[in-house]
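An overview of the molecular structure
The lines below spell out each chain.
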Amino acid sequence: MSEDVKDRPSCRYEDTSCSDTDCNPMSLWTKAQQLQGDALQQVRAVYGEHFPIEVRHFLAAWIEEKMWDLDPENPQHEQYVTGLVASLIQELEAKANTMTTEDLFLTKLKLIEAANMFRQRYSHNPLSLFRIIRHCLNTEMKLVQQVENVALGRGGIVGPGLSLLPDSNAEIAQQLEFLRRRTQETGEDLRKMEQEQEAFALQYHECTKLNAHLQHLQTQPQNQQNVELEKKLRRQKEMLEQMLNQKVAGLVQLRLTLADKLKETITHLNTLQSRVLDDELIRWKREQQLQGNGAQFNNNLDNIQEWCESLAEIIWLNRQQIKEAERLKQKIGLEPPGVADILPNLNNQITQLLSSLVTSTFIIEKQPPQVMKTNTRFTSTVRLLVGGKLNVHMTPPQVKVTIISEAQANALLKNDKMAKGEASGEILNNTGTMEYHQATRQLSVSFRNMQLKKIKRAEKKGTESVMDEKFSLLFQSQFSVGGGELVFQVWTLSLPVVVIVHGNQEPHAWATVTWDNAFAEPGRIPFAVPDKVAWIQVADALNMKFKAATGRLLTEENLRFLAEKAFRGGGQQQVGDYSTMMLSWSQFCKEPLPERNFTFWEWFYAVMKLTREHLRGPWIDGAILGFVRKKQAEEMLSTCANGTFLLRFSDSELGGVTIAWVGEQTEVFMLQPFTSKDFAIRSLADRISDLQHLVYLYPDIAKEQAFGKYYTPFTENQPTTNNGYVKPLLVTHVPGWGGPAGSLGGGSYPPTPQNMYQPQSPDPSVTRDTPSVASAVSDSVSSI
């Protein structure tokens, strides 16, 4: 077994139900070769130019040993797969070098050719080859299991993970391989047709010469010799005309067959292109949009580029073949009566396919920021997926960027062009030239220094604000292919962008963007979104957003708490009652919460920001309950030991977290909320360490166990700073609850005047039913 096996990721599944013989992966290729009839044909059909059957045969044991327990969708396995593909190429070359006998010479060449092809095609995208191989193994397994009548659920011959492989990639590769073979066949048909036409032309010329000779003889004296010669020439002419008629019938048949084949190829191309562009590319764009809300992005754009390039190549070849067929037809006009010439129509169809492919593959690889602040630098990258194959880079296209309003985006989609000079703002550094990167075979342009200088806003209606208004960046270019034969004007729109001029507009702007990213429907009118959405969908969006920002998903209890807050409930709803309820855009981010001067989204956004910036570690550990109502916190703590505490997000303070704890008389106290400003001075963990009366994190975890790893280490001998000053240590102290940590004097601080600490609640009129205690920060200067 080779060295790299020890580093292999372990299998996610186990199957203890199969016998040793069934589970032996080495038996798969042997069993596949023993298949009969249609099943064997299906095994042969799955292999092709993308993965030759010879490679499967000569590296059978190696392939089956390595491909077993890897999940291609697991990002952790990517590095291993890269090494695996490199090893496959080495194994292939090593195997080829062992083939020294004359009878294996052609096989040796085939394996070397395959190794070179793998290196060229898959070095930058090893996962693609890995998926193709897995698909081939998967197909073999299914066919063998069908024949052996083995239940698919048992795991059978191959590792169980293998049967779960999505076949989309390999199916597309198979269809492309089929279309390549079809195109080769029609190419051969064309050559045959040309040869037949040339032979016909020669015979026709002979016939013309015979006719001329006969006409000449008729002007000569009718002696015996001339009569005999004329008879002979007439017999030759009849034979020649008979042969010509056969040639004509053959040529007409060849033309009709070729036209039918080309028509069928275009139908297949249309179906496959629709799958790549309307399914795979649209899915990629949707996932890119959801990434804006924090979803994990499975970026398979290199795969999609490979498919699009293959389509471009096949379409271009078929287009050339149609034009060649038309040229041959013009050379010799043989129109059978009642049969329409479909070539011009096929030419239109194939050109339309190419146009659709080119315009759809001009895409934004890296989106501009969706919340865009004026006079702030931003970046974006645009890529043409078929640029390399169509040699667009020979005359590099220029790309121009403008910002347009929602109404302008609508008009653009209706008319397919922009009114000249129309834009909704001014962008600096908004032009760039596409470059071809040889190593990655990508034609793209990165805008690294764009800046929005001015923005022209639409008139507002009703409760609309500037943070509700959506714009989009329009990327435009023009280029030609085929030596100027076809000129394409391409454009693409970015995801919706909200333009702000001040940081305090950011929360509401993100509400607009989050709602749009989550609930935009495919093929919508720009940038229409539903006004009401089922809570279950809103909960998914909030969960995705919170996980991306803070590192941990929300729990069912957290989401129930958020539903109560969003719907302004008082905790009276039963579990699950909210899931089908519709939450409106207004409830989400327009209407203030009861007795508050902020909205649901502003509250949620502030909590998320605070957690991301200051509470991430303890939140991931589960040390912060956070989403707990005040009354619920009191009930939870009332039965706990003295000194038990929990952390909850404040209802009254935006981006505030409060500590609730139980005192000696089972009375529950709430510390005045801490905000980002407080944690910038001293962290949450250090503040909890400072407060000696906090002993157990709810329900009964020693606070050192929960927060100890986040404490800032303290040494008695504090060094002086460069300027000679002694650095003070700030300690949190709650008047009336004992002094700070014992190492600093253990409560020896003089009592602090209470009137120094005014409650910071934004709404002091709100009555508190729980004692609220203000904390203080003492400066302790130690000269030790």
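As a reminder, the structure under discussion sits directly above these lines.
Everything in this summary refers to the structure shown in the same document. Bear in mind the structure is a predicted one, so any value in this text is a computation, not a measurement. (Residues numbered from 1 in each chain as written. Predicted model: local features only at pLDDT ≥ 70, side-chain atom pairs only at ≥ 80, totals over all residues. Heavy atoms only, no water.)

So, about the overall build of the chain. Counting secondary structure elements, the chain contains 22 helices and 21 strands. Buried residues in the chain amount to 47% of all 784 residues. Sequence-distant contacts, at least 24 apart, represent 71% of the contacts inside the chain between residues at least 6 apart. When the accessible surface of the chain is split by element, carbon and sulfur atoms take 51% of a total near 39400 Å². (Helix = DSSP H or I, 4+ residues; strand = E, 2+ residues; numbered from the N terminus. Buried < 20%, exposed > 50% of the residue type's maximum accessible area, 1.4 Å probe, protein only. Contact = heavy atoms within 4.5 Å. Areas by Shrake-Rupley, 256 points an atom, 1.4 Å probe, with all protein chains shown as cover.)

We now examine the packing of helix α15 (residues 535-550) against helix α18 (residues 600-621). In contact at an axis separation of 9 Å, α15 and α18 are set at 40° when each is read in the N-to-C sense. It follows that α15 is oblique to α18 by the angle criterion. Two packed elements cross with a definite hand, and for α15 against α18 that hand is right-handed. Across the interface between the two elements, W535, L542, K545, F546, A549 and T550 of α15 pack against F600, W601, F604, V607, M608, T611, R612, R616, W619 and I620 of α18. Classifying every residue of the contact of α15 with α18 gives 11 nonpolar, two polar and three charged. (Axes fitted to C-alpha atoms, helices over the stretch in contact; angles between N-to-C directions. Parallel < 35°, antiparallel > 145°, perpendicular 65-115°, else oblique. Left-handed = near helix turned anticlockwise from the far one by under 90°. Nonpolar A, V, L, I, M, F, W, Y, C, P; charged D, E, K, R; others polar.)

Quick look at the sheet that holds strand β6 (residues 431-433) now. Strand order in this open sheet of four strands is β6-β4-β9-β10, and the pairing throughout is antiparallel. The sheet is open, and its two borders are formed by β6 and β10 (486-493), each paired with just one other strand. Each neighbouring strand pair of the sheet contributes to a mean axis angle of 25°, computed without reference to strand direction. Summarising the sheet, strand β4 (residues 398-405) and β6 pair through three bridges and their orientation is antiparallel. Its bridge partner lying in β6, Q398 is registered against T433. Helix-sheet contacts for helix α13 (residues 406-415) involve β4, β9 (471-481) and β10, and the interaxial angle to β4 is about 120°. (Pairing = 2+ DSSP bridges.)

In this structure, L473 and F475 are the most contacted members of the largest nonpolar core, which totals 75 residues. With 15 residues, the single largest contributor to this core is helix α10 (residues 224-291). Discounting chain neighbours no more than four positions away, the residues touching F475 are F362, I364, S380, V382, V399, K400, V401, F447, V490, W491, T492 and S494. Among the nonpolar cores identified, the runner-up in size contains 58 residues, and A549, Y605, L610 and W661 belong to it. (Core = buried A, V, L, I, M, F, W, Y, C linked by side-chain atoms within 4.5 Å.)

Quick look at the environment of P699 now. The residue P699 is located in the loop between β17 (696-697) and β18 (701-702) in this model. Given a relative accessible area of 46%, P699 falls into the partly exposed group. As for P699 and F645, which are separated by 54 residues in sequence, their C-alpha atoms are 8.1 Å apart.

For the rest of this paragraph, the subject is unusual backbone geometry. Cis geometry is adopted by the peptide bond preceding F527, which originates at P526 and carries an omega value of -15°. Here Y698 and P699 are connected by a cis peptide whose omega angle stands at 5°. The backbone of E595 sits at a positive phi, close to 60°, despite the residue not being glycine. Mapped onto the secondary structure, E595 falls in the loop between α17 (585-589) and α18.

Running from N to C, α15 and helix α16 (residues 556-566) point in directions that differ by 120°, and their axes come no closer than 11 Å. Between α15 and α16, the interaxial angle falls into the category oblique. The hand of the α15/α16 crossing is right-handed. Residues W535, A539, L542 and N543 of α15 form the contact with α16, whose own contacting residues are L559, L562, A563 and A566. Taken together, the residues of the contact of α15 with α16 break down into seven nonpolar, one polar and no charged.

Overall, the coordinates contain 33 salt bridges when judged by the stated rule. Note that R181 is salt-bridged to E177, the shortest N-O span being 3.9 Å. One end of the pair is R181 and the other is E177, both in helix α9 (residues 168-218) and four residues apart, which spans about a single turn. Exposure remark for R181: the relative accessible area of 37% places this residue in the partly exposed category. One salt bridge in this structure joins R457 and E469, with 3.8 Å as the shortest N-O distance. Of this pair, R457 sits in the loop between β8 (442-455) and β9 while E469 sits in the loop between β8 and β9, and the two are 12 residues apart along the sequence. Through salt bridges that share partners, R56, E64 and E140 make up one connected network. (Salt bridge = Lys/Arg side-chain N within 4 Å of Asp/Glu carboxyl O.)

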